[in-house]
Amino acid sequence: MTTNSPRPVADHILNFIGGSYRKGSQGKTFDNVNPATGQTIGTVYEASEADVADAVAAAKAALDGPWGKMTTAERVKLIVAVAAEIERRADDFLDAEVADTGKPRHVASHIDIPRGAANFRMFADVIATMPGESFTTPTPDGGQAINYAVRKAKGVIAVICPWNFPLLLMTWKVGPALACGNTVVVKPSEETPRTAALLGEVMNAVGMPQGVYNVVHGFGGGSAGEFLTSNKDVDAITFTGETGTGQAIMQKAAVGVRDVSFELGGKNAAIVFADADLDKAIEGLSRSVFLNTGQVCLGTERVYVERPLFDEFVRRMTLAAQAFKPGSMGDPAYLGPLSSAEHRDKVLGYYAKAVEEGATVVTGGGVPKVEGDQAGGFYVEPTLWTGLAHDATVIREEIFGPCCGVIPFDSEDEVIALANDTDYGLCATVWTENVSRAHRVAAAMQVGVCWVNCWFLRDLRTAFGGSGHSGIGREGGVHSLEFYTETANICVKL
Ligand SMILES: NC(=O)c1ccc[n+]([C@@H]2O[C@H](COP(=O)([O-])OP(=O)(O)OC[C@H]3O[C@@H](n4cnc5c(N)ncnc54)[C@H](O)[C@@H]3O)[C@@H](O)[C@H]2O)c1
Ligand SMILES: O=C/C=C/C=C(\O)C(=O)O
């Protein structure tokens, strides 16, 4: 049985600048809280504007040092060594991630930490194997010219990350950034600083040149996040987080006309047709709704079920929800806490709103009774609603918790319109055994990713990202090169 009991982790979480750890120059600190217990377990040193400027300067200097002179093969070797060192220190990253997030160890050990290494390996492979572009061009004088493309590093990349999959989402950006020859300044979420800080030890251990990877801790506006996006020596900004935050960051990026890559919020729909394999749909959707306590941007918070299957689906999904045990840390069915007291209160606000708007609370809807040292944790009950209109607040707004509304539908056209009736466009799932309908409906979804009879099945070579309020750009495989490099064309008269 996996135990989730927290193991000793660092008391002090420092900034990592130019290859060295340091406290903030203004001596400001903030608490690091374990959401599973509500206890303060560490002190984080907040980077001042001067510290952030030092980190950007170190990143800029590294471009002109050994890193900027390395061949692709030399960079690839270092990046693969980073992946291997993450794997060698997997337990340390696991302890740090679980301490920061309170998530079940089996979630972090199967998803978060392995992806931390996989993201570096993926982009080492891409940059080592990607073909170049060239054309032989006939010229007016009857001769020829050759045109070929050259991809160059963009420079210093600001990497700003959220708290739900801290290592996964940070390395999903740092991996391609470094593979393409850039340097980075990472601003992890104030709620989950540990694994970004720990990665600094890995960078030093593999001999990554100083200044290639930097970490500054702090908050958003008026703190390290804004200091970073406002620094004119940052050449591009990649961000994962709330849509509203993305809008604020985009305003900063406009100064200096800097490129952005955004992975933002979502309100992802699941469509379950009457001919769906119900076992598959329940297995997939119980993960999509409750994994990581619902704190997954790709998760499902609204499920449309074809009317003949509706009652049976609700019955089975209720059993799935009730199988999760909030706060039972040693239990394989352990449902972890929400990321903070603030986020817990936000989710409970939506639980109350659902009832106000006429929801039938089929299961959950409140705070579970949790014993022992977890009594102070930020737990909520896994929750299922029926009886809600399509325009209900909890059906339209991103909640980011372990809950979903289930709504019946009667026709394919009707459900496509319902699923697409949102400002977001991140992902969707379609459950049907009818192959033609699967392809037809998946193509009709106005999203960046559509899964059919599965969820969160990730091939890292594929284009990943959202449209509308869910983001700008695509990352994954060669798609990441568009953001992390500048392409130049060279034409030579032969
Ligand atoms: N599309 C995706 O792939 C994806 C993945 C994970 C999370 N998310 C989204 O992230 C959100 C949850 O994460 P969160 O609460 O940490 O998001 P958030 O937007 O509150 O914070 C994300 C990061 O941005 C920083 N930040 C906040 N304001 C800033 C500012 N003005 N300037 C610079 N930095 C600023 C924060 O300190 C944090 O590091 C959800 O909306 C979720 O949908 C999206
Ligand atoms: O919570 C959002 C999870 C995002 C996952 C990825 O960005 C990925 O799988 O690459």
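Just so we're clear, the structure is a prediction, and the values are computed from it rather than from any experiment.

The next point concerns the domain arrangement of the protein. Segmentation of the protein into domains returns domain 1 (10-263 + 469-491) and domain 2 (267-450). Facing the 21 residues of domain 1 at the interface are 27 residues of domain 2. Counting each side, the surface lost to burial between domain 1 and domain 2 is near 1,800 Å², with a carbon and sulfur contribution of 60%. Area buried by domain 1 at its contact with domain 2 is led by Pro 35, Trp 163 and Ser 470, which between them contribute 26% of it.

Attention shifts here to the site of ligand 1. In the neighbourhood of ligand 1, 29 residues make up the surrounding shell, with Lys 187, Glu 190, Thr 245, Leu 264 and Glu 398 lying closest. Taking Trp 163, its side chain carries an N or O atom lying 2.8 Å from an oxygen atom of ligand 1. When residues are assigned to domains, the shell around ligand 1 turns out to be shared by domain 1 (10-263 + 469-491) and domain 2 (267-450), each giving three or more.

A cluster of nonpolar side chains, namely Tyr 148, Ile 490, Val 492 and Leu 494, defines an oily patch on the protein surface of about 330 Å² accessible area. Tracing the backbone shows Tyr 148 in strand 7 (residues 144-153).

Per the UniProt record, "domain: Aldehyde dehydrogenase" (unreviewed entry) is annotated on residues 23-489. Structurally, residues 23-489 is divided into 41% helix and 21% strand, and its ends, taken at the C-alpha atoms, are 44 Å apart.

The next subject is the packing of aromatic side chains. The final tally for this structure, using the stated rule, is 14 aromatic pairs. Between Phe 30 and Phe 219, the aromatic rings sit 4.6 Å apart at their centres with planes inclined by 50°, giving tilted as the arrangement. You can see Phe 30 sitting in strand 4 (residues 29-34) and its partner Phe 219 sitting in the loop between strand 10 (213-215) and helix 8 (224-230), a full 189 residues away along the chain. The class of Phe 219 is partly exposed, set by a relative accessible area of 30%.

Attention shifts here to the site of ligand 2. Lining the immediate environment of ligand 2, one finds Arg 115, Asn 164, Phe 165, Leu 168, Leu 169, Trp 172, Val 296, Cys 297, Leu 298, Phe 456, Arg 458 and Phe 464. Here an oxygen atom of ligand 2 sits 2.7 Å away from a polar atom, N or O, in the side chain of Asn 164. One of the backbone N or O atoms of Cys 297 is found 2.8 Å from an oxygen atom in ligand 2. Relative to its unbound accessible area of 310 Å², ligand 2 is 98% covered by the protein chains. In terms of residue count, helix 6 (residues 166-179) provides more of the shell around ligand 2 than any other element does, three residues in total. Here the residues of the shell around ligand 2 sort into nine nonpolar, one polar and two charged. The two domains that each donate at least three residues to the shell around ligand 2 are domain 1 (10-263 + 469-491) and domain 2 (267-450).

The rules behind these values
- Residues numbered from 1 in each chain as written.
- Chains lettered and ligands numbered in written order.
- Predicted model: local features only at pLDDT ≥ 70, side-chain atom pairs only at ≥ 80, totals over all residues.
- Heavy atoms only, no water.
- Domains from an automatic or database assignment.
- Contact = heavy atoms within 4.5 Å.
- Buried area = accessible area lost by both parts, 1.4 Å probe.
- Near = heavy atom within 4 Å.
- Polar contact = N/O pair within 3.5 Å; in protein donor to acceptor, adjacent residues only side chain to side chain.
- Patch = residues over 30% accessible without salt bridge, like charges linked within 9 Å, V, L, I, M, F, W, Y side chains within 5 Å.
- Areas by Shrake-Rupley, 256 points an atom, 1.4 Å probe, with all protein chains shown as cover.
- Salt bridge = Lys/Arg side-chain N within 4 Å of Asp/Glu carboxyl O.
- Helix = DSSP H or I, 4+ residues; strand = E, 2+ residues; numbered from the N terminus.
- UniProt positions renumbered as here; feature names shortened; annotations may be inferred.
- Phe/Tyr/Trp six-rings, centres within 6.5 Å; stacked < 30°, edge-to-face > 60°.
- Buried < 20%, exposed > 50% of the residue type's maximum accessible area, 1.4 Å probe, protein only.
- Nonpolar A, V, L, I, M, F, W, Y, C, P; charged D, E, K, R; others polar.

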